[in-house]
Structures are given as C-alpha cells and as structure tokens.
Amino acid sequence: MSRKAYLILENGIVFEGESFGAEKETMGELVFTTAMTGYLETLTDPSYYGQVVLQTFPLIGNYGVIPADFETDTPVLKGYIVREWCQAPSNFRCEGQLDAFLKEKGVPGICGIDTRALTRIVREYGVLNCKIQYKPDTTDEEMAALKAYTIKDAVESTTCSEQEVFMPEGEEKYNVVLMDFGAKHNIGRELNKRGCKLTVVPAHTSAEEILALDPDGIMLSNGPGDPAENVQVIEELKKLCAANIPIFGICLGHQLLALAQGGKTAKLHYGHRGANQPVKELSSGRVFITSQNHGYAVVSDSLHEGAEVSFVNGNDGTCEGVVYSNMPAFSVQFHPEACGGPQETSFLFDKFMDMIKENK
C-alpha cells in the first residue's frame, strides 16, 4: 500500500495524495506543463532545475521509460506531480516503469491529487513554491523556509563540466560551438544531422577560448533559472556578438543574447510550458504550434536599434523571437528541436545553416 503524501503550497493550501517514485521530502518552485506526451523529455529537461513539475494530462507513464528519448542523463527537477501513473506500460521500446525510474534517479513524486484544480491555483496566484512531505502539518519555521526558497546557480549546476566534441552523421560541413547552459541532447542531434561538427563547451567558457576553436557558427542552448543571474556569461556574449560569427539562440540562449544586446527580461506570471504553444511569425503572419519551457521572457519594448521582434506568443503577445540586423544572429524562445512535441519549426536550424554558408 502506498504511503500518504502531502503537497504543501506556500499560500497554505494543502493537497493529500500518495507517494510514488523516491520516498523523500523535497521543496521547489511549482510549475505546470500542458504536454500530453513527452513526459520522459520533460523529466530529463535541464530547464526544470529547481522546480517541481506538475503534469496537467491525467495519465502519465503509459509508454514506460525509454532511455533513447532522454534529453540529459540525469534528471534535475526537484519533484513530480501526476494525477495517475500507469503501472502497466505498453510500448515496443519500453525498458521500465516510471515509478522505478524515479526511485532510481532519486526524484520524489506525488499522485492521486486533483491536478486540474492545482493548475488553476497556479494560474490564479502565479508560480508558487511547494513542498512534498509525509505529514499534513507544517510548522511556522518550515513555512518560512518554503516561502524563502529560490532557485540559484541554475546554469552553473546544469552545464557540462568539460568540452566535448560530437561528429556529424555524414560529411563534415561546418564547425559549430554550442554553449551549454543546460542543453537538451536533441539540439546537438539536429546540428549533427545537418553536417555540423559540434563542440559543446561549458557555460563559463570565455569568448577568447570559443573564438580559438575557429567556429563557423555559435549555438546558445536552452537552460534553467533567471537569465539576468548569468552576469559573466552575458559579458562574454557581448564579445562574441562583435566577432561577426553567426549566432542562433534557443530559450535561455535567446534571453541571454537579448541581455547582451542591451535588452531586458521579466518573469512571467506562470510561464509557458507544454507542446501546444502557438507563436505567430510577424513577417508572414503564419502561426506555428511549438514546444516551450520557460518562466522568463524578453521584454519587447526593451530591445535596442538593430534588434527586432520576429515571433510573438499567440496567447499573451510576449516576445518569442528576435532577429538582429547589426550582426548575423537570431533567436527564439520556443524549442525548434521539439522532442517531444511538434517539429514544424525545425526549419530554423536550416536557416542557421544558410546564415553560416553566407557568412563563409
């Protein structure tokens, strides 16, 4: 029989459920994702560092655990919340159960609660801190600690520890450096697929070290946390922007590039997370359905001359992309590599290849 577990929100609301996954208490920033598939990619996405992830889709785990779909080797999220987890997964690629995977990776979970009601609370109050524990009561000291919780050193905690090279599937056409701020594996796969020799470097790598690799292009990855916290990275990006080398930024990389060019970022009420986020391309008027995972956005009005908004969110109008006329660079807030999720914006990797070809 499962052990009772309790989800405590910083505003005092308590949900009673059952424990699954690793049996340990945890505290983090509560966020929700509306994705109906791709729970393995969600669990292994470094952008969820420091967060407790709530799945709005009611049944999770029905195709089991498939290591080939992981976006990083070790999950960094603080906890996992589902309505129901599937105990009998069925898929020809399945190599295990969700509960066993969470136990192995040390990720605590809670199930059996009304996830839709919980989502409505987050939408109303905004992002809240929460705690998974095994007693219904919380002391004043524990509640004070919960309210004080903040995510710190997110990029430093998720970037790679050393430089690594990944060769393309076929002919080597381009030499690309990927700055790893908490990168998803599939960004590298998309670049390798297009003939790029990929050198992945830690986030703290200097501009001089990157330029010494003689890159044809520079990729700025996704990642977790407050973009403005990465002061040193932003300073190095300013130097790279002056080098006239094509740059493509995704998610956190998009935000950091805007900050390096004098823009500003702001925290969203509850963020955009899921595989069904609409974005509108302003040049064509076309709407794309995209995969997203972010809690901050570039402030459109903060962009300086030479930077122009290229995509906006179809729901709230926030900035989803920027093109730069003062340098060969562009960036998007959403995930064009989109695993799991829609892949209709993967053409942006081809745009990056064209930019590199023209620059050479």
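Our subject is the structure that appears above.
Rules of the game
- Residues numbered from 1 in each chain as written.
- Predicted model: local features only at pLDDT ≥ 70, side-chain atom pairs only at ≥ 80, totals over all residues.
- Heavy atoms only, no water.
- Helix = DSSP H or I, 4+ residues; strand = E, 2+ residues; numbered from the N terminus.
- Rg over C-alpha atoms; globule rule 2.2 N^0.38 Å.
- Buried < 20%, exposed > 50% of the residue type's maximum accessible area, 1.4 Å probe, protein only.
- Contact = heavy atoms within 4.5 Å.
- Areas by Shrake-Rupley, 256 points an atom, 1.4 Å probe, with all protein chains shown as cover.
- Arc of directions from axis to C-beta.
- Salt bridge = Lys/Arg side-chain N within 4 Å of Asp/Glu carboxyl O.
- Core = buried A, V, L, I, M, F, W, Y, C linked by side-chain atoms within 4.5 Å.
- Pairing = 2+ DSSP bridges.
- Axes fitted to C-alpha atoms, helices over the stretch in contact; angles between N-to-C directions.

(A) Quick peek at the overall build of the protein chain. In terms of helices and strands, the protein chain carries 10 helices and 19 strands. Computed over its C-alpha atoms, the radius of gyration of the protein chain comes to 20 Å, within 12% of the 21 Å expected for a compact globule of 360 residues. In terms of overall dimensions, the protein chain has a C-alpha envelope of 65 × 45 × 40 Å along the principal axes. Here the protein chain holds 360 residues, and 58% of them are scored as buried. Long-range contacts, defined as pairs at least 24 residues apart, comprise 74% of the intrachain contacts of the protein chain with a sequence gap of at least 6. In the form shown here, the protein chain has an accessible surface area of approximately 15100 Å², with 47% of it arising from carbon and sulfur atoms.

(B) Focus on helix α2 (residues 98-105). Buried residues of α2: L98, D99, F101 and L102, and no others. Viewed end-on, α2 has its buried residues packed into an arc of 160°, placing them on one side of the element. Positioned one or two residues after α2, G106 has a phi angle of 75°, which is positive.

(C) Highlighting the pattern of salt bridges. Counted under the stated rule, the structure contains 16 salt bridges. For E25, the salt bridge is made with K131, and the minimal N-O distance between the two is 3.8 Å. You can see E25 sitting in the loop between β2 (14-21) and β3 (26-33) and its partner K131 sitting in strand β9 (residues 128-133), a full 106 residues away along the chain. The class for K131 is buried, based on a relative accessible area of 10%. Between D350 and R194 there is a salt bridge, with the nearest N and O atoms lying 2.7 Å from each other. In this pair, D350 is assigned in helix α10 (residues 347-359) and R194 in the loop between α6 (185-193) and β12 (196-202), connecting sequence segments 156 residues apart. Among the residues examined, R194 registers a relative accessible area of 15% and is labelled buried. The structure contains a network of salt bridges with shared partners spanning E190, K193, R194 and D350.

(D) Structural view of the nonpolar core. Core analysis: the biggest nonpolar cluster contains 33 residues, and M179 and F181 have the highest contact counts within it. Residue assignment for this core shows that the elements contributing at least two residues are β11 (174-180), α7 (207-211), β13 (217-220), α8 (231-241), α9 (252-260), β17 (307-313) and β18 (319-324). Top contributing element to this core by residue count: α9, with six residues. Among residues more than four places away in sequence, those in contact with F181 are V155, T158, A203, L220, S221, N222, G223, P224, V233, L252, G253 and L256. Grouped together as the second largest cluster of nonpolar side chains are 26 residues, C160, L191, M219 and F352 included.

(E) Molecular detail of the sheet that holds strand β4 (residues 51-55). Read around the closed barrel, the seven strands follow the order β1-β2-β8-β6-β4-β3-β9; overall the barrel is mixed. The mean inter-strand angle of the sheet, taken between neighbouring strand axes irrespective of direction, is 35°. Across five bridges, strand β1 (residues 4-9) lies against β2 in antiparallel orientation. Its bridge partner lying in β2, I8 is registered against V14. Sheet strands in contact with helix α4 (residues 140-148) are β1, β3 and β9, and its direction is about 130° off that of β9.

The analysis is restricted to geometry; functional conclusions fall outside its scope.
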